[in-house]
Amino acid sequence: INNEGPIDYRDPDTFFRRTYLTQGLKNLVGNVMQRLSGTGKGEGVIQLQTPFGGGKTHSLLALYHTLKNKDKVSHIDVVKQILKENNLKEIPDAKIAVFVGTHMDPIKGKTPWGEIAYQLGCYDLVKEHDKNKVSPGKANINRILKQNQPVLILIDELLEYVVKASGVTVGEGTLRGQIVNAFIQELTDAVASLDKCVLVISLPSSTLEYDETATQVLMRLQHVAGRRETIYTPVEGVEVYEI
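Overview of the structure. (Residues numbered from 1 in each chain as written. Predicted model: local features only at pLDDT ≥ 70, side-chain atom pairs only at ≥ 80, totals over all residues. Heavy atoms only, no water.)

For helix H7 (residues 112-119), a buried count of six out of eight residues is recorded, marking the element as mostly surrounded by other parts of the structure. Listing the buried residues of H7 in full gives Pro112, Trp113, Gly114, Glu115, Ile116 and Ala117. Downstream of H7 by one or two residues, Gly121 has phi in the positive range, about 75 degrees. (Buried < 20%, exposed > 50% of the residue type's maximum accessible area, 1.4 Å probe, protein only. Helix = DSSP H or I, 4+ residues; strand = E, 2+ residues; numbered from the N terminus.)

Quick look at the structure:
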């Protein structure tokens, strides 16, 4: 997003030429395009759930490049195949907002709601909420998303950010509480209520890599988001060998 890193990830044509699109990944891209096209098909809230190295971030990159660089990827055979399988004539136009938990600073940086609103050009609507690190509520989130749809929101490494947010005091609680107990529920509810809005969140499928606190946070995130979401697994079984 900042145009930094290896060319394999920055350049959409190179990315797709070097990516083996698994069936799960093709289903994911097709689902998102269906929803953003307003066909009445496709899930609005999606969780990517795999162990470490299971293709979560790669899947988010595939979505990002498909929607952000539609003119550069529409000629690629596998993209044309996905469009055909989903009875779509073209890649839909959509705005994209991205939040990467490992990149963001919970103390000096913007909150998830502040960063998403900023990227969508609606920061003034949540400016005070962002500064005070208090979730803006479903009505404000709905207003931001509704006036920007079709809109795709990609959230990567959310667990890592929430663990860091545990150390940020907000009133009598913490920023972690604002995210887990308020924002994620408000965001998923708002997304689910709109026809041309998709939220994709990446979470690890197991807690073996984390301590007890992180494990509790992950279980809570899975529970809150799970009320609205569909879980996608980008890589299945023997596809690992093809990759």
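Mapped onto the elements of the fold, Glu186 is located in helix H11 (residues 175-192). The contacts of Glu186, once residues within four sequence positions are left out, are Ser135, Pro136, Gly137, Lys138 and Ile141. (Contact = heavy atoms within 4.5 Å.)

Of all eight residues in strand E6 (residues 197-204), eight are buried, a share of seventy percent or more. By the alternation rule, side chains of E6 split into Cys197, Leu199, Ile201 and Leu203 and Val198, Val200, Ser202 and Pro204, which are all buried. As paired strands, strand E3 (residues 151-156) and E6 are joined by five bridges and run parallel to one another. Bridge assignment links Leu154 to a residue of E6, and that residue is Val200. (Pairing = 2+ DSSP bridges.)

So, on to the nonpolar core. Leu145, Ile155, Leu158, Ile179, Leu187 and Leu221 are the most contacted members of the largest nonpolar core, which totals 40 residues. If you list the elements that add at least two residues to this core, you get strand E2 (95-100), H7, helix H9 (138-146), E3, helix H10 (158-165), H11, E6 and helix H12 (212-226). With eight residues, H11 is the single largest residue contributor to this core. Beyond its immediate chain neighbours, meaning those up to four positions away, Leu187 contacts Ile141, Leu145, Ile153, Ile155 and Leu199. (Core = buried A, V, L, I, M, F, W, Y, C linked by side-chain atoms within 4.5 Å.)

Buried within H9 we find Ile141, Asn142, Ile144 and Leu145. One face of H9 carries all of its buried residues, which in axial projection span an arc of 165 degrees. Across H9 from its buried face, at more than 90 degrees, point the exposed residues Ala139 and Lys146. In this fold, the buried residues of H9 make contact with H7, E3, H11 and E6. (Arc of directions from axis to C-beta.)

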